[in-house]
Amino acid sequence: MNKIIYKEQLSKDVFLMGIDAPLIAEERQPGQFIILQTDDDYGERIPLTIADADIEEGSITIIFQVVGKTTTELSLMEVGDYLPAFVGPLGKPTHIKNFGHVVCVAGGIGVAPMHPIAQALKKVGNFVTIIIGARTKDLLILENKMKNIADELIICTDDGSYGRKALVTEPLKELCERNKKPEMVIAIGPPVMMKYCSITTKPYEVFTQVSLNTIMVDGTGMCGGCRVSINNETKFVCVDGPEFDGHQVDFDNMIARLNSYKNIERQKQKCFVEKTFKAKEGVL
Amino acid sequence: MSYHSLEELSAQAKELIVEYVDKCDSLKPKERTQIPAQEMPTQDPLIRRTNLEEVAIGFSEDQARIEAMRCLQCVKKNCVQDCPVNIDIPAFVNKIAHGDFEGAAQIIKQTTLLPAICGRVCPQETQCQLHCAVGKALKDVEKSVAIGRLERFIADWERKNGKKVLPKIKPPTGKKIAVVGSGPAGLVVAADCKREGHHVTIFEAFHRLGGVLRYGIPEFRLPNDIIDHEIETLSQMGVEIKTNFVVGRTRKLIDLIEKDKYDAVFVGTGAGLPMFMGIEGENLVGVFSANEYLTRANLMRAFEKEKADTPIISSKKVAVLGGGNVAMDSARMAKRLGADNVYVIYRRTENEMPARKEEAVHAKEEGIEFHFLENAKRIIGDEHGCVTGMECVRFELGEPDESGRRRPVEIKSSEFIVDVDTVIVAIGNGSNPLISQTTPQIQVNKWGNVLVDKTQKTSLDKVFAGGDIVLGAATVILAMGEGRRAAASINSMLALERETEKAVKNSYAL
Ligand SMILES: Cc1cc2nc3c(=O)[nH]c(=O)nc-3n(C[C@H](O)[C@H](O)[C@H](O)COP(=O)(O)OP(=O)(O)OC[C@H]3O[C@@H](n4cnc5c(N)ncnc54)[C@H](O)[C@@H]3O)c2cc1C
Ligand code: FES
């Protein structure tokens, strides 16, 4: 049982929560994630990346977007509530060293997991360029935190409501075309974004690391539900990842697998939202 | 075997018991072998394939006593030698024959902790019942005394009659033991070490205890209530339980010893990394490992569709690849989750199938179709990446291989397409990678199984291991046997430590 100790709404569908988890806070390293359940009898187990940790307070921060039943339910939980199942930190940590110039491309909610990674990369002496992409200005999160880390910050919105009106791949391409191209790119965000970042950097042969957020059950390598095809070999994201060489990931297959349950999930979310709404009306 | 109802079997037993009850002690061996072997009552196949309730209902009291009277009480006790935990089988069977069920329970409990579970899932036909003199006399191992069913009968009787007695626990020793993983191996270590008076903490990655007993073996073979009951015993004994705790990640194994001051650690993390066939289309939507499929169905309760959040595709035509118990469980679960057609596809013939015969018979009764001498070659998907079919190829049996089984040889150009929307791969598991990945000091073999000596000790000081993580995918009872051995080693190691500590203290006192 882990207590929610703070909660903040970052944008329309995006929430930040601080969770009391001293052991995870102590052990976690950039790139790792947790798995949680909002109900340990019937709930789904969902993975979320650890956005931050405070060892003294014994807490970690998660940032999530409401996309399905479990995230809806989570967004309705309040400070003081307990999460019945909360396990981590899982996955292999990001390999942090001084590569030279690293470009961190974060799309949408991907800014959350990118934050600790960019911070760690900066700390060991990298020149860090951060590209943040969002659909529109209102969906932009953690801009200030990222500004504090970045040697160079580029913000793009799809609709041009803030920063550059562009997809993240545009500035990424320009960076690769510079005289001295970056040593490494890290892309975290929606699968389609990571796919196109990888396609963008491929001709320039810039190593591109992506962080995959697949469906998971156990997170210990037991079920294979999280498997992806890397260079035609099957790998398990929870124990072999979550980070992989973007040029080797079969994104189309991964996206199809992520979408496996979209319809069922949507149906469940709809029922849940209707039920909750009705219940609330009843109270009023 | 054909289906007979519980009423039918109980009625027959009621008549028989009248005939035998007074002769219990005076029956000649010949007469005993002529007592009809008792059949296990089950739920009607047509009904049970739509529910999750236990398939085998269990012997009635009369049935149990009659079955027990078949035992010759022979001096050789082959059955005991073939039992990995050496239960005194003739002794408890004799108590049953006399109707002393409590006495029988006491004998079983001396050597095993989880009889309700073992009685249900042990492969008795290759263990205790394999060399049973009755089976030998009747030249049919299936006619051996049904030791497993009797064991289950006693465990169920004890539970239903509220006769549970907590094992005696010695005074606290101040020593701490960490048990990693709560499968059968871990549960046995926890109990055996607790009895010695040590403080025991179980660390489990999942939110529920039991390991494969919980998430793998389905409810219809091993009800969750039974696992809960056994685990409750551990809590009542004072074993500390930490769920949602992945050793290696939440805390390094070494830190359990160095920072948290555990005096010994037992690693029982079980099998992991499900194997796939390495064929085209294996990562399509609708292809599951048996582990994932069964975990969603059991632990995450996909069967209760209205309540469970865990999504599972509603399949109509399911192919299960493999011929072991795990394949049988997956196929039977798919049927219960609503599939119209379920095919088990196995490369060899029925004779080579590693699944327990009883499970295969039950599967057939429930309408599972078996396709022998066939194997998958490629899984076919549509434009959304979802399974729409599978290409198979036929085999014939060739020369025997090292294991003595005739090797299947592919028949050229015999490919054909089966229409399926779901494929469940049940061809085995590798080892759980987490401990070896995060504890580089621990020695493992090339398959990732932890290496241990005769006492179950690993290459690391104070660290022991057992169960599937050592053996590769094995059985519940073998895991328990290893757990028992590990616990004995831990207990004697700690006893020695305490003596040394005492001696040092005394020498200071002088
Ligand atoms: C579907 C299926 C059917 C089977 N049917 C039978 C049968 O009929 N009869 C039979 O005898 N055997 C059967 N088996 C095999 C049997 O279940 C196993 O051999 C046995 O459970 C192994 O026990 P174990 O204690 O070694 O590990 P497991 O039961 O695998 O338990 C390991 C536990 O450790 C936990 N864990 C893993 N890593 C960590 C970590 N790092 N930190 C904390 N916890 C961790 C896991 O979550 C799990 O709970 C079956 C197996 C399956 C999959
Ligand atoms: S989540 Fe089950 S193996 Fe990765």
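Residues numbered from 1 in each chain as written. Chains lettered and ligands numbered in written order. Predicted model: local features only at pLDDT ≥ 70, side-chain atom pairs only at ≥ 80, totals over all residues. Heavy atoms only, no water.

Quick look at the overall build of chain A
Looking only at helices and strands, chain A features nine helices and 16 strands. The C-alpha radius of gyration computed for chain A amounts to 19 Å, which stays within 12% of the reference 19 Å derived for 284 residues, consistent with globular compactness. Over its C-alpha atoms, taken along the principal directions, chain A stretches across nearly 65 × 40 × 40 Å. In chain A, which comprises 284 residues, the proportion classed as buried is 59%. A separation threshold of at least 6 residues defines the contact pool for chain A, and within that pool the share at least 24 residues apart is 66%. Of the roughly 12,100 Å² of accessible surface on chain A, 50% is carried by carbon and sulfur atoms. (Helix = DSSP H or I, 4+ residues; strand = E, 2+ residues; numbered from the N terminus. Rg over C-alpha atoms; globule rule 2.2 N^0.38 Å. Buried < 20%, exposed > 50% of the residue type's maximum accessible area, 1.4 Å probe, protein only. Contact = heavy atoms within 4.5 Å. Areas by Shrake-Rupley, 256 points an atom, 1.4 Å probe, with all protein chains shown as cover.)

Some points on the domain arrangement of chain A
Residues and elements named next belong to chain A. Segmenting chain A into domains produces domain 1 (2-90) and domain 2 (101-211). The straight-line distance from the C-alpha centre of domain 1 to that of domain 2 is 24 Å. Residue-level contacts link 13 residues of domain 1 with 12 residues of domain 2. Interface of domain 1 and domain 2: buried area, both sides summed, is about 1,000 Å²; carbon and sulfur atoms make up 69% of it. When the area that domain 1 buries against domain 2 is broken down by residue, the three leading residues are Pro 30, Ala 51 and Ile 63, summing to 34%. Viewed at the interface, domain 2 and domain 1 are joined by one salt bridge. The partner of Lys 145 in a salt bridge is Asp 52, with the nearest N and O atoms 3.6 Å apart. Those elements giving two or more residues to the side of domain 1 that touches domain 2 turn out to be strand S1 (2-11), strand S4 (46-54) and strand S5 (59-65). Considering every element that reaches the side of domain 1 that touches domain 2, the biggest residue donor is S4, with four residues. A breakdown of the residues in the side of domain 1 that touches domain 2 according to their chemical character gives seven nonpolar, four polar and two charged. (Domains from an automatic or database assignment. Buried area = accessible area lost by both parts, 1.4 Å probe. Salt bridge = Lys/Arg side-chain N within 4 Å of Asp/Glu carboxyl O. Nonpolar A, V, L, I, M, F, W, Y, C, P; charged D, E, K, R; others polar.)

A few points about the interface of chain A and chain B
Taken together, the contacts link 44 residues of chain A with 48 residues of chain B. Approximately 3,900 Å² of surface area, both sides summed, lies buried where chain A meets chain B, with 52% of it carried by carbon and sulfur atoms. Run the count over chain A and chain B and you get five salt bridges. Glu 27 of chain A is paired through a salt bridge with Lys 252 of chain B; the nearest N and O atoms lie 3.4 Å apart. At the surface where chain A touches chain B, the tally comes to 19 residue pairs in polar contact (both at pLDDT 80 or more). Sorting the residues of the side of chain A that touches chain B by element identifies helix H1 (22-27), helix H2 (69-76), strand S7 (85-90), strand S14 (227-230), strand S15 (233-236), helix H8 (251-258) and helix H9 (262-283) of chain A as the ones contributing at least two each. Considering every element that reaches the side of chain A that touches chain B, the biggest residue donor is S7 of chain A, with six residues. (Polar contact = N/O pair within 3.5 Å; in protein donor to acceptor, adjacent residues only side chain to side chain.)

Some thoughts on a nonpolar patch on the surface
A contiguous nonpolar surface patch, about 280 Å² in accessible area, is contributed by Val 192, Tyr 196 and Ile 199 of chain A. Among the secondary structure elements, Val 192 of chain A is positioned in helix H6 (residues 191-201). (Patch = residues over 30% accessible without salt bridge, like charges linked within 9 Å, V, L, I, M, F, W, Y side chains within 5 Å.)

Focus: the packing of helix H16 (residues 325-336) of chain B against helix H17 (residues 357-365) of chain B
All names here are of chain B. Axis separation between H16 and H17 bottoms out at 10 Å; the angle between their running directions is 20°. Viewed along their axes, H16 and H17 adopt a mutual orientation that is roughly parallel. Viewed along their axes, H16 and H17 form a crossing whose handedness is left-handed. On H17, the residues touching Asn 325, Met 328 and Arg 332 of H16 are Glu 359, Ala 360, His 362 and Ala 363. Here the residues of the contact of H16 with H17 sort into three nonpolar, two polar and two charged. (Axes fitted to C-alpha atoms, helices over the stretch in contact; angles between N-to-C directions. Parallel < 35°, antiparallel > 145°, perpendicular 65-115°, else oblique. Left-handed = near helix turned anticlockwise from the far one by under 90°.)

What to know about a negative patch on the surface
Residues and elements named next belong to chain A. Side chains of Asp 20, Asp 54, Glu 56 and Glu 57 sit close together on the surface and give a patch of like negative charge. Secondary-structure assignment places Glu 56 in the loop between S4 and S5. For Glu 56, a relative accessible area of 83% gives the class exposed. (Lys, Arg positive; Asp, Glu negative; His and termini not counted. Charge placed at Lys NZ, Arg CZ, Asp CG, Glu CD.)

Re the domain arrangement of chain B
All names here are of chain B. Domain annotation for chain B reports domain 1 (6-160), domain 2 (176-272 + 431-506) and domain 3 (277-427). Here the C-alpha centroids of domain 1 and domain 2 sit 31 Å apart. Between domain 1 and domain 2, the contact holds 19 residues from the first and 21 residues from the second. Taking both partners together, domain 1 and domain 2 bury about 1,900 Å²; carbon and sulfur atoms supply 76% of that area.

Concerning the site of ligand 1
All names here are of chain B. Taken together, 35 residues surround ligand 1, and among them Val 121, Glu 204, Arg 221, Val 247 and Asp 468 come closest. A distance of 2.5 Å is found between a nitrogen atom of ligand 1 and a backbone nitrogen or oxygen belonging to Val 121. Asn 432 has a polar side-chain atom sitting 3.2 Å from a nitrogen atom of ligand 1. Here ligand 1 loses 97% of its free accessible area of 1,000 Å² to cover by the protein chains. When residues of the shell around ligand 1 are traced back to their parent elements, those giving at least two are helix H11 (184-195), helix H12 (212-215), H16 and helix H20 (476-509). In terms of residues, the shell around ligand 1 owes the most to one element, H16, which gives three residues. Of the residues belonging to the shell around ligand 1, the class tally is 19 nonpolar, 12 polar and four charged. Each of domain 2 (176-272 + 431-506) and domain 3 (277-427) contributes no fewer than three residues to the shell around ligand 1. (Near = heavy atom within 4 Å.)

Points about helix H15 (residues 290-297) of chain B
Most of H15 of chain B sits inside the fold, with eight of its eight residues counted as buried. All of the buried residues along H15 of chain B are Ala 290, Asn 291, Glu 292, Tyr 293, Leu 294, Thr 295, Arg 296 and Ala 297 of chain B.

Observations regarding the sheet that holds strand S16 (residues 243-245) of chain A
Residues and elements named next belong to chain A. Taken in spatial order, the seven strands of this open sheet run S11-S10-S9-S8-S12-S13-S16, and their pairing is mixed. Looking at which strands have only one partner, the edges of the open sheet turn out to be strand S11 (164-165) and S16. Both strand S8 (residues 101-107) and strand S9 (residues 127-134) contribute to a ladder of seven bridges, which runs parallel. Looking across to S9, one finds that Gly 107 is bridged to Gly 133. (Pairing = 2+ DSSP bridges.)

A short note on the nonpolar core
If you look at the biggest cluster of nonpolar residues, it comprises 80 residues, and the most contacted ones within it are Ile 89, Phe 92, Ile 96, Leu 150 and Ile 490 of chain B. Looking at this core element by element, the count peaks at eight residues for H20 of chain B. Each of domain 1 (6-160) and domain 2 (176-272 + 431-506) of chain B contributes no fewer than three residues to this core. Leave out the neighbours within four places in its chain, and Ile 490 of chain B touches Ile 177, Val 189, Cys 193, Ala 264, Phe 266 and Phe 464 of chain B. Ranked by size, the runner-up nonpolar core spans 56 residues in total, among them Val 103, Cys 197 and Cys 226 of chain A together with Val 246 of chain B. (Core = buried A, V, L, I, M, F, W, Y, C linked by side-chain atoms within 4.5 Å.)

Side note on helix H13 (residues 224-237) of chain B
Residues and elements named next belong to chain B. With 14 residues, H13 should cover 20 Å at 1.5 Å per step; its first-to-last C-alpha distance of 20 Å lies within 8% of that length. Buried within H13 are the following residues: Asn 224, Ile 226, Ile 227, Glu 230, Ile 231, Thr 233, Leu 234 and Met 237. Where H13 is buried, its residues contact helix H8 (115-121), helix H10 (147-160), H11, strand S2 (199-203), H12 and strand S3 (240-242). In the stretch just after H13, Gly 238 is the one whose phi turns positive, near 100°. (Expected span 1.5 Å × (residues − 1).)

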